[in-house]
Amino acid sequence: MDPSVVSRIREDMERAAAQRLQPHFVAAFFLEAVRLFGGKPSEPEKGRYRLGKVPDRIFERARRLPGGASITNVYERITFKKSLRNVPGKTHATFFYPGHPVVDAGQLVLERCGGNLVRGAALVDESDPGTEPRVLALLEHTIRDGRKGKHGARIAGRKMQFVEITSAGDTRNAGFAPHLDYRSAREDEKRILRSVGDLPRDAAEKARWT
């Protein structure tokens, strides 16, 4: 098979995988990013949002991304589910998905709040009756095939894996997206967590993984 055809198929598969992300989580991240930059989205109908004016920072970034020439700076209705684009008696909604310039521009939030990713977040696993704190880390394994593309070596395979690290430095496979079952810590729990100290850094050092 022609290498260009193989490359196109691989890109289509990666794009399809991205679009299988659960719409709820894509929407939650994007809408919070919009609020961070001064936007005021609302939800007049279930699963359909009034975005209004796109915050200037996000709009300017989106215009520079592939497909950005076709975007507008005002959206009366958007949705993250294809099935909700057209609802009888309601305004047509623009479908937003990973890969849409405006959605991808929402990654600006990582530039502003990227330091939080280093510090991490304290969550509570209600299924664990113990009191021993642990670190949940996400590892990304990438295999590159050696051929060069527009953005460097081509990616032949990619895998994500969650790993838990105890305060003693022991590690174990945490399964698929365990954080989705965790909740935010209450104020009384935060006081306890603050007394633990710099657990993530200490545990990661003991585990000696990169």
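Residues numbered from 1 in each chain as written. Predicted model: local features only at pLDDT ≥ 70, side-chain atom pairs only at ≥ 80, totals over all residues. Heavy atoms only, no water.

What the rule picks out here adds up to 13 salt bridges. Of the charged contacts, one joins glutamate 164 and arginine 172 as a salt bridge, the two residues approaching to 2.5 Å between their closest N and O atoms. Each of the salt bridges in this network shares a partner with another, and the network as a whole consists of Glu45, Arg48, Arg50, Glu76 and Arg77. (Salt bridge = Lys/Arg side-chain N within 4 Å of Asp/Glu carboxyl O.)

All right, on to the pairing of strand E1 (residues 42–45) then. Where E1 meets strand E2 (residues 48–50), two bridges bridge the pair, whose relative direction is antiparallel. Counted as the bridge partner of serine 42 is arginine 50 from E2. Hairpin geometry of E1 and E2 is characterised by an intervening segment of two residues between the two adjacent antiparallel strands and by a positive phi of about 80 degrees at glycine 47. (Pairing = 2+ DSSP bridges. Helix = DSSP H or I, 4+ residues; strand = E, 2+ residues; numbered from the N terminus.)

Roughly 200 Å³ of internal volume is contained in the second largest pocket. Lining the second largest pocket, in full, are Pro23, His24, Ala27, Ala28, Leu31, Glu43, Lys46, Gly47, Tyr49, Thr79, Phe80 and Lys81. When residues in the lining of the second largest pocket are grouped by element, the largest group, five residues, is from helix H2 (residues 23–36). Counted by class, the lining of the second largest pocket contains six nonpolar, three polar and three charged residues. (1 Å grid on protein atoms, 1.4 Å probe; cavity = no way out; pocket = protein on both sides within 12 Å on 5 of 7 lines; lining within 4 Å. Points joined across faces, edges and corners; volume = space filled by probe spheres on them. Nonpolar A, V, L, I, M, F, W, Y, C, P; charged D, E, K, R; others polar.)

A few words on the side chain of arginine 48. For arginine 48, the location among the structural elements is in strand E2. According to the relative accessible area criterion, arginine 48 is buried, its value standing at 1%. At a separation of 2.8 Å, a polar atom in the side chain of arginine 48 contacts the side chain of glutamate 45. Among the polar contacts listed, one links the side chain of arginine 48 to the backbone oxygen of arginine 85, at a separation of 3.3 Å. (Buried < 20%, exposed > 50% of the residue type's maximum accessible area, 1.4 Å probe, protein only. Polar contact = N/O pair within 3.5 Å; in protein donor to acceptor, adjacent residues only side chain to side chain.)

The tally for this structure, following the rule as stated, stands at six aromatic pairs. Relative to phenylalanine 96, the ring of phenylalanine 80 has its centre 6.2 Å away and its plane inclined at 85 degrees; by these criteria the two rings are edge-to-face. With phenylalanine 80 in the loop between strand E5 (78–79) and strand E6 (94–95) and phenylalanine 96 in the loop between E6 and helix H4 (101–105), the pair connects residues that are 16 residues apart, well separated along the chain. The pair phenylalanine 80 / phenylalanine 96 is uniform in exposure class, with both members buried. (Phe/Tyr/Trp six-rings, centres within 6.5 Å; stacked < 30°, edge-to-face > 60°.)

Okay, the confidence of the model for the chain next. With 75% of its residues at a pLDDT of 70 or more, the chain shows a mean pLDDT of 79. Note that residues 199–210 has pLDDT below 50 and, in this model, 20 contacts with residues that lie over four places away or in other chains. (pLDDT = per-residue confidence, 0-100. Contact = heavy atoms within 4.5 Å.)

Grouped together as the largest cluster of nonpolar side chains are 22 residues, with contacts concentrated most on Phe30, Phe80, Phe96 and Val102. Going through the elements one at a time, H2, helix H3 (56–63), H4 and helix H5 (108–119) are the ones with two or more residues in this core. Look past the residues within four positions of phenylalanine 80 in its chain and what remains in contact with it is Pro23, Val26, Ala27, Phe30, Gly47, Tyr49, Phe95, Phe96 and Val103. (Core = buried A, V, L, I, M, F, W, Y, C linked by side-chain atoms within 4.5 Å.)

The end-to-end C-alpha distance of H2 is 20 Å, a good match for the 20 Å that 14 residues give at a rise of 1.5 Å each. Those residues of H2 that fall on the buried side of the exposure criterion are Val26, Ala27, Phe30, Leu31, Ala33 and Val34. Within H2, the buried residues cover an arc of 155 degrees as seen down the axis, which keeps them to one side. A positive backbone phi angle near 100 degrees is found at glycine 38, which sits one or two residues after H2. (Expected span 1.5 Å × (residues − 1). Arc of directions from axis to C-beta.)

Right, let's talk about the sheet that holds E1 for a bit. Where strands meet in a sheet, backbone hydrogen bonds hold them as pairs that are either parallel or antiparallel. Spatial ordering of the open sheet is given by E1-E2-E5-E6, a layout of four strands whose pairing is mixed. The strands lining the two open edges of the sheet, one partner per strand, are E1 and E6.

Another aspect to go through is the side chain of histidine 100. Tracing the sequence through the fold places histidine 100 in the loop between E6 and H4. Residues within four places of histidine 100 in sequence aside, it is in contact with Ile71, Tyr75, Thr94 and Phe95.

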